[in-house]
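A structural walkthrough
If you want the building blocks of each chain, they are given just below.
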Protein chains: 2
Amino acid sequence: MMPDAPDRRSADPNEGIMRATSRALRDHGYADLTIKRIAEEYGKSTAAIHYHYDTKDDLLAAYLDHLIDQFASSVREVETTDPAERMDLLLDKLLVDVAEYRELLVAMLEMRSQAPYKEAFRERFRQNDEYLRYMLKAVINHGIDEGVFRDVDADHAARALMTIVDGARTRAVVLDDGEALETARQTADEYVETVLVADD
Amino acid sequence: MMPDAPDRRSADPNEGIMRATSRALRDHGYADLTIKRIAEEYGKSTAAIHYHYDTKDDLLAAYLDHLIDQFASSVREVETTDPAERMDLLLDKLLVDVAEYRELLVAMLEMRSQAPYKEAFRERFRQNDEYLRYMLKAVINHGIDEGVFRDVDADHAARALMTIVDGARTRAVVLDDGEALETARQTADEYVETVLVADD
DNA sequence: CGCTTTTGACTGACTAGTCAGTAAGTACGA
DNA sequence: TCGTACTTACTGACTAGTCAGTCAAAAGCG
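Definitions and limits used
Residues numbered from 1 in each chain as written. Chains lettered and ligands numbered in written order. Predicted model: local features only at pLDDT ≥ 70, side-chain atom pairs only at ≥ 80, totals over all residues. Heavy atoms only, no water. UniProt positions renumbered as here; feature names shortened; annotations may be inferred. Helix = DSSP H or I, 4+ residues; strand = E, 2+ residues; numbered from the N terminus. Axes fitted to C-alpha atoms, helices over the stretch in contact; angles between N-to-C directions. Parallel < 35°, antiparallel > 145°, perpendicular 65-115°, else oblique. Contact = heavy atoms within 4.5 Å. Nonpolar A, V, L, I, M, F, W, Y, C, P; charged D, E, K, R; others polar. pLDDT = per-residue confidence, 0-100. Buried area = accessible area lost by both parts, 1.4 Å probe. Salt bridge = Lys/Arg side-chain N within 4 Å of Asp/Glu carboxyl O. Domains from an automatic or database assignment. Polar contact = N/O pair within 3.5 Å; in protein donor to acceptor, adjacent residues only side chain to side chain. Buried < 20%, exposed > 50% of the residue type's maximum accessible area, 1.4 Å probe, protein only. Phe/Tyr/Trp six-rings, centres within 6.5 Å; stacked < 30°, edge-to-face > 60°. Lys NZ or Arg CZ within 6 Å of the ring centre and 35° of its normal.

Focus on the UniProt feature "DNA-binding region" (unreviewed entry) in chain A
The positions UniProt marks with the feature "DNA-binding region" (unreviewed entry) are residues 34-53 of chain A. With 75% helix and 0% strand, the stretch residues 34-53 of chain A has end C-alpha atoms that lie 14 Å from each other.

Observations regarding the packing of helix H1 (residues 13-28) of chain B against helix H6 (residues 102-112) of chain B
Residues and elements named next belong to chain B. One can describe the packing of H1 onto H6 by two numbers: an axis separation of 8 Å at closest approach and a directional angle of 90°. In terms of axis orientation, H1 runs roughly perpendicular to H6. For the pair H1 and H6, the contacting residues are Ser-22, Leu-25 and Arg-26 in the first and Glu-103, Leu-104, Ala-107 and Met-111 in the second. Of the residues in the contact of H1 with H6, the class split is four nonpolar, one polar and two charged.

What about the confidence of the model for chain A?
Fine structural detail should not be taken from predicted coordinates in areas where pLDDT scores are low. Residues and elements named next belong to chain A. On average, residues of chain A score 92 in pLDDT, and 93% of them reach the 70 mark or higher. Ranking the elements of chain A by mean pLDDT puts helix H1 (residues 13-28) last with 93 and helix H8 (residues 154-174) first with 98. Every residue in residues 1-11 is under pLDDT 50, and counting partners more than four places away or in other chains gives five contacts.

Brief notes about the interface of chain B and chain A
Contacts between the two partners involve 42 residues from chain B, matched on the other side by 42 residues from chain A. Approximately 3,400 Å² of surface area, both sides summed, lies buried where chain B meets chain A, with 60% of it carried by carbon and sulfur atoms. Three residues, Thr-163, Arg-171 and Val-174 of chain B, lead the burial of chain B against chain A; their summed loss comes to 18% of the area buried on that side. At the junction of chain B with chain A, the criterion picks out six salt bridges.

Structural notes on the domain arrangement of chain A
Residue and element names in this part refer to chain A. By the assigned domains, chain A splits into domain 1 (1-52) and domain 2 (56-196). Taking the mean C-alpha position of each, domain 1 and domain 2 sit 28 Å from one another. Between domain 1 and domain 2 the total buried area reaches about 1,300 Å² when both faces are included, carbon and sulfur atoms providing 73% of it. Of all residues in domain 1, Met-18, Arg-26 and Tyr-30 give up the largest surface area on contact with domain 2, accounting jointly for 52% of the area buried on that side. One can count zero salt bridges joining domain 1 with domain 2. Applying the counting criterion to the domain 1 and domain 2 interface returns four residue pairs in polar contact (both at pLDDT 80 or more). Taken together, the elements giving at least two residues each to the side of domain 1 that touches domain 2 come down to H1 and helix H2 (35-42). Ranked by the residues each element gives to the side of domain 1 that touches domain 2, the list is headed by H1, at seven residues.

Describing the pattern of salt bridges
Residues and elements named next belong to chain A. Counted under the stated rule, the structure contains 32 salt bridges over all chains. Between Arg-102 and Asp-176 there is a salt bridge, and its shortest N-O distance comes to 3.2 Å. Linking Arg-102 in helix H6 (residues 102-112) with Asp-176 in the loop between H8 and helix H9 (180-196), this pair joins segments that are 74 residues apart in sequence. You can call Arg-102 partly exposed: its relative accessible area is 36%. For Asp-176, a relative accessible area of 39% puts it in the partly exposed group.

Topic: the packing of aromatic side chains
Following the criterion strictly, the structure yields two aromatic pairs over all chains and no others. When the centroid spacing of 6.1 Å and the interplanar angle of 70° are considered together, the rings of Tyr-30 of chain A and Phe-121 of chain A count as edge-to-face. Residue Tyr-30 of chain A is located in the loop between H1 and H2, and its partner Phe-121 of chain A is located in helix H7 (residues 119-145); the two are separated by 91 residues in the primary sequence. Residue classification places Phe-121 of chain A among the buried residues on the basis of a relative accessible area of 1%. Here the basic side chain of Lys-118 of chain A rests over the ring of Phe-121 of chain A, its NZ or CZ set 6.0 Å away from the ring centre. Lying over the aromatic face of Phe-125 of chain B, Arg-112 of chain B brings its terminal NZ or CZ to 5.6 Å of the ring centre.

Structure below.
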């Protein structure tokens, strides 16, 4: 009966509920995620959750916003401006760093698979995808301007890389393939070097 | 004795249940798939379903077998032996032909997202993946032997292409991106032409 | 005090799976 | 050829459990 030490430093109830949701998702997955399980992680009753969020979907939409914000912040940390190096670091963020969050990747694929039925989910996944594609496009265009990359269709190249990223994550989860992410990291490099990089 | 009488024309209950499961999946998705809904499509009671399959998971495992068999048959139809053309037709099967089955793609992503929790599902998705990778590897090795493709790591190239395929399907479903499959078809071609095809 | 937060008890809807019984067809023995 | 035994396919009623969400009351706090 002690899921976690109640951290008094952050008395913000929302932050606590977000953390509880995250733990419940990691432990039980999305399909078996219930208000009761979130409440157990939160250390309060289910009605306490309903006091802060009217419906389960409201809570989950808020959780997605929370998660996407965190991820966007971590991408924003990439500060190099050199196009080739920046591309490298971005691909590492997307394909290497996520390997540590296996259980969250599992739950996120479950939530992604509900996008066709839940507009609130779809909206947020789209927004996140758009942001990442924008980052990739910016790097590619920068590289083209500097003559490091060939004059390719930056939008198409960004979509191609995102397809590799999504494919790798799907495969890592579905096939429980521990090497799917590394394989895809290599494939992304092949794509960058053969399609993007100008070989003088 | 043998439950499968080969030439009992019509009224094979199993076939009917497979069709009912398929329709229920298309109409309601996996998350909202219930025995009751399958029974409604079947036109009989829920107990009739339980008469043929002990548990819901048994039924769904049988349905996956059914589906994978169908898909493998359709891939086996590709008869060209010329490596470049065969690769082209295989990629069409994997990325173009599936566009017609949007609702089934949605339901399949849902089921795939349950693979970490259901070994029976994971097993079957792995088997299907292995089969497709084997087909791709065979074509690539054939192409290398004939000097049409460079002497690349066939296993890695097959995995790279499958990553693009899985990424495209995930994106088509999650982002409701009607062009995700076409974009990926183009990306797959770029990969084949720049990484696989021997230039000069 | 009064306001926010939390609780416990509850509801109604829905779920997979069970069970006894039925109808129709088939196999077999005399 | 009749009758008995058995099989397949199914039904309707039921159990036992889950779930999100509601609500009146109470606790905590500034």
